[in-house]
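What follows is the residue order along each chain.
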Amino acid sequence: MPLGAVCVLEREIDGVVALQLCGTLTTLILICLAEGFQRSAYMGLAVVSAAVTWIGGLVFARFFGRYLP
Amino acid sequence: MTNVVVDVLLGLAVAAELVCCLGVVVMRTTADRLHYAGAGTTLGPLFVLVALLLREGFAAPGLQAVAAVGLLFVSGPLVVHALARAIRRIDVGTLEPLPEDEAP
């Protein structure tokens, strides 16, 4: 919720920074859920989340740096 | 004994991530926020990984967690660097050093 407030209320690039931390938190939460429910197959979702967070951050940084005033 | 260590490590991970979230919310400049977002990809995931390896060992879930946290470790600084370049380009307009940036 606090990071969502940063995304909504602050500048766009601040929202990207908050979104990056959200991705990291999502990955950690997925790891903990997979371990907590004893479903090792779900651990792959955390790997995918980490990779998507990486790619998304790079894409946002590229386009925001180029097109924002 | 192992359960206590795992609990402590998970508590440390939650505390580290809470500090990072608080930093992103409270700090005023984008660069300061980026520092905290970058820190969130290092300490918290490391604590979670060590806790999980203590509990599971190097079985399949542990190795997949190593892959996920390893990706976070490698990708975190790369994305922080790219975002810092974007912030500099937005705020200053160029990546080149300005005359006032030069050391006297």
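About the cut-offs
- Residues numbered from 1 in each chain as written.
- Chains lettered and ligands numbered in written order.
- Predicted model: local features only at pLDDT ≥ 70, side-chain atom pairs only at ≥ 80, totals over all residues.
- Helix = DSSP H or I, 4+ residues; strand = E, 2+ residues; numbered from the N terminus.
- Rg over C-alpha atoms; globule rule 2.2 N^0.38 Å.
- Buried ≥ 20, exposed ≤ 12 C-beta atoms within 10 Å, placed from the backbone.
- Contact = placed C-beta atoms within 7 Å.
- Nonpolar A, V, L, I, M, F, W, Y, C, P; charged D, E, K, R; others polar.
- pLDDT = per-residue confidence, 0-100.
- Core = buried A, V, L, I, M, F, W, Y, C linked by C-beta atoms within 7 Å.
- Axes fitted to C-alpha atoms, helices over the stretch in contact; angles between N-to-C directions.
- Parallel < 35°, antiparallel > 145°, perpendicular 65-115°, else oblique.
- Left-handed = near helix turned anticlockwise from the far one by under 90°.

For chain B, the count of helices and strands is 4 helices and 0 strands. For chain B, the sequential pattern of α-helices and β-strands runs α-α-α-α. The C-alpha atoms of chain B give 18 Å as radius of gyration, which overshoots the globular expectation for 104 residues (13 Å, by more than 25%). Overall size of chain B, expressed as C-alpha extent along the three principal axes, is 60 × 25 × 25 Å. Across the 104 residues in chain B, those meeting the buried criterion constitute 34%. Once local pairs closer than 6 in sequence are excluded, the contacts in chain B between residues at least 24 apart make up 62%.

The next thing to look at is the overall build of chain A. Secondary structure assignment for chain A yields 3 helices and 0 strands. Put simply, chain A runs from its N terminus to its C terminus through helices and strands in the order α-α-α. For chain A, whose C-alpha radius of gyration is 14 Å, the value lies well above the compact-globule estimate of 11 Å for 69 residues. Projected onto its principal axes, the C-alpha positions of chain A cover 50 × 25 × 10 Å. Taken over 69 residues, chain A has a buried fraction of 42%.

Turning to the interface of chain B and chain A, a few remarks are in order. Contact residues are listed per partner, giving 32 residues for chain B and 34 residues for chain A. When residues of the side of chain B that touches chain A are traced back to their parent elements, those giving at least two are α1 (2-26), α2 (30-39), α3 (43-56) and α4 (60-91) of chain B. With 17 residues, α4 of chain B is the largest single contributor of residues to the side of chain B that touches chain A. Across the side of chain B that touches chain A, the residue classes tally to 22 nonpolar, 6 polar and 4 charged.

Attention shifts here to the confidence of the model for chain A. In regions of low pLDDT, the predicted coordinates are not meant to be interpreted in detail. Residues with a pLDDT of 70 or more make up 96% of chain A, whose mean pLDDT is 84. Per-element confidence in chain A ranges from a low mean pLDDT of 78 for helix α1 (residues 2-9) of chain A to a high of 88 for helix α2 (residues 12-36) of chain A.

Within the largest apolar cluster, 43 residues are counted, with the highest numbers of intra-cluster contacts made by Ile31 of chain A together with Val24, Ala68 and Leu83 of chain B. Dropping the residues within four chain positions of it, alanine 68 of chain B is found in contact with Thr27, Ile31, Ala46, Val47 and Ala50 of chain A.

With respect to the helices and strands, the residue alanine 15 of chain B is situated in helix α1. Along the sequence, alanine 15 of chain B and phenylalanine 58 of chain B sit 43 residues apart, while their C-alpha atoms lie 26 Å from each other.

The subject of this paragraph is the packing of α2 of chain A against α3 of chain B. Axis angle and axis distance: for two packed helices, these are the angle between their axes and the distance between the axes, and together they describe the pair. For the pair α2 of chain A and α3 of chain B, interaxial distance at closest approach is 11 Å and the crossing angle is 15°. In terms of orientation, α2 of chain A lies roughly parallel with respect to α3 of chain B. When the axes of α2 of chain A and α3 of chain B are compared, the crossing they make is left-handed. Each of Leu28, Ile31, Cys32 and Glu35 of chain A in α2 of chain A lies in contact with α3 of chain B, whose residues at this interface are Gly44, Pro45, Val48 and Leu52 of chain B.

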